[in-house]
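Structure assessment
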Amino acid sequence: MGLLTIGAFAKASRLSPKALRLYDELGLLTPARVDPVTGYRLYAPEQLDQARLVAWLRRLGMPLARIQHVSTLESAAAAQEIRAFWAQVETDTAARRNLASFLIDHLSWKDPAMSPTTKPLGIRYAALSDAGLVRGSNQDTAYAGSRLLAVADGYGSGGATASAAAVDALKHLETDTIPAGNLLNVLEDAIEQAKQAVDGVAGTGSSPEEAGTTLTAMLWTGSQLALVHIGDSRVYLLRDGELFQITHDHTMVQSMVDEGRLTPEEAASHPQRSLLLRALGQGADGSPDMRLHDAQQGDRYLLCSDGLSTVVTTDEIRRVLSEIRDPEQAVRELIALANGSGGPDNVSCVVADVMELQQ
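Predicted model, so just to flag it, every value in this text is computed and none were measured.

What to know about the overall build of the chain
On a plain count of helices and strands, the chain comes out with twelve helices and 14 strands. Against the globule reference of 21 Å for 359 residues, the chain gives a C-alpha radius of gyration of 26 Å, more extended than a compact globule. With the C-alpha coordinates of the chain rotated into their principal frame, the extents come out at 90 × 50 × 40 Å. For the chain, the proportion of its 359 residues judged to be buried stands at 43%.

Now the structure itself:
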């Protein structure tokens, strides 16, 4: 078979002539020959496979620059690149889904009518932070109040100041009145204030990269908990004896697990398991996950830094949360377990129980 005209090649590859001209200009799909007189582009039949791959990748929504890179790879490497791209698409979609869910829940939720038998709910809480057995200082900050629960895990030479600044920036939520329908804006403003506070700390050091922090916080609204999460501190929910992790780690190894490149077991011992993809700090991606949780009487929430979750198994965490009813005693036992496993990192815990308020 001889060379194909751009029209015939477009029909065979399911790409428009306009797209083929663009891909030629970008060096993505160069014609086999250009007629020197007419300027018509002519394509070889063996270019159809590459053209069809480009067409499929465009249907996936892959940017042209990345398609150009994929086109240079061998089949196995190209497949891995496509897998990684799609994992990122799913992660981004999940983040947008969470935000959509937050908006739908927030805008459609109404306070239930208070009957004579309905009792208001509140939280009973405790917070504790410990340096562990290896680190020379504690860069974590843990806070618990009647409305705000927070854990921040600082890093860099100014990490302790950064984590404290991030949590301090949220403390006004304890006393501020939040107008109905304005929760999302209040949380967004609070996160921006936390970012500015951490940037201010980082700016005082010799290098702007020397101070940063994770931030995971929950705001009690009376019958719901609004969650904001950046980094690899975690929130667990114990409900009816079952333990659920309700945050997603923003780490390199978690993204590799999501992409299928690592198993959870391999991730647990990976040398870069603490490398963050999101954090508060200059140059970092500080985009938060946000979610609303309807509270039920008897729920127990645990916020913790990775100093607990990386050394204490979820079975042990569930056991402590299930068996020890007093929040103060529970946080002490969890930190004791982390230190009993070597205490390689700072460890912070906040435990909060949803319960009926005493009249």
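Here's the deal with the pattern of salt bridges
Throughout the structure, instances matching the rule amount to twelve salt bridges. With its nearest N and O atoms 2.7 Å apart, the salt bridge here joins arginine 41 to aspartate 24. With arginine 41 in strand β3 (residues 41-43) and aspartate 24 in helix α2 (residues 17-25), this pair connects stretches of sequence that are 17 residues apart. For aspartate 24, a relative accessible area of 18% gives the class buried. Of the charged contacts, one joins arginine 319 and glutamate 316 as a salt bridge, the two residues approaching to 3.1 Å between their closest N and O atoms. Within this pair, arginine 319 and its partner glutamate 316 are both found in helix α11 (residues 314-323), separated by three residues, close to a single helical turn. Look at arginine 319 and you get partly exposed, because its relative accessible area is 27%.

Remarks on helix α6 (residues 159-168)
Listed as buried for α6 are Gly159, Ala162, Ser163, Ala165, Ala166 and Val167. On its buried side, α6 packs onto β5 (140-144), β6 (148-155), α7 (183-202), β7 (212-213) and β8 (215-220).

A closer look at the packing of helix α1 (residues 6-13) against α2
The N-to-C vectors of α1 and α2 enclose an angle of 100°; their axes lie 9 Å apart at closest approach. Relative to α2, α1 is oriented roughly perpendicular. For the pair α1 and α2, contact is made by Ile6, Phe9 and Ala10 and by Pro17, Leu20 and Arg21, respectively. Taken together, the residues of the contact of α1 with α2 break down into five nonpolar, no polar and one charged.

Overview of the environment of valine 311
Residue position: valine 311 is located in the loop between α10 (306-309) and α11. Along the chain, valine 311 and aspartate 232 lie 79 residues apart, while their C-alpha atoms are 14 Å from each other. In this view, valine 311 contacts Ala338, Ser341 and Pro344; residues no more than four positions away in its chain are not counted.

Details of the sheet that holds strand β2 (residues 33-34)
Sheet architecture is open: three strands sit in the order β1-β3-β2, paired in antiparallel fashion. On the outer flanks of this sheet lie β1 (4-5) and β2, each paired with one strand and no other. In the sheet, β1 pairs with β3 via two bridges, with the strands oriented antiparallel. Each residue of the ladder has a partner; that of threonine 5, found in β3, is leucine 42.

Considerations on the environment of glutamate 210
Mapped onto the fold, glutamate 210 is located in the loop between α7 and β7. Through-space distance from the C-alpha of glutamate 210 to that of threonine 161 is 11 Å; in sequence the pair is 49 residues apart. Those residues in contact with glutamate 210 that lie beyond four places of it in its chain are Tyr155, Gly156, Ser157, Gly158 and Gly159.

Cut-offs used in this document
Residues numbered from 1 in each chain as written. Predicted model: local features only at pLDDT ≥ 70, side-chain atom pairs only at ≥ 80, totals over all residues. Heavy atoms only, no water. Helix = DSSP H or I, 4+ residues; strand = E, 2+ residues; numbered from the N terminus. Rg over C-alpha atoms; globule rule 2.2 N^0.38 Å. Buried < 20%, exposed > 50% of the residue type's maximum accessible area, 1.4 Å probe, protein only. Salt bridge = Lys/Arg side-chain N within 4 Å of Asp/Glu carboxyl O. Contact = heavy atoms within 4.5 Å. Axes fitted to C-alpha atoms, helices over the stretch in contact; angles between N-to-C directions. Parallel < 35°, antiparallel > 145°, perpendicular 65-115°, else oblique. Nonpolar A, V, L, I, M, F, W, Y, C, P; charged D, E, K, R; others polar. Pairing = 2+ DSSP bridges.

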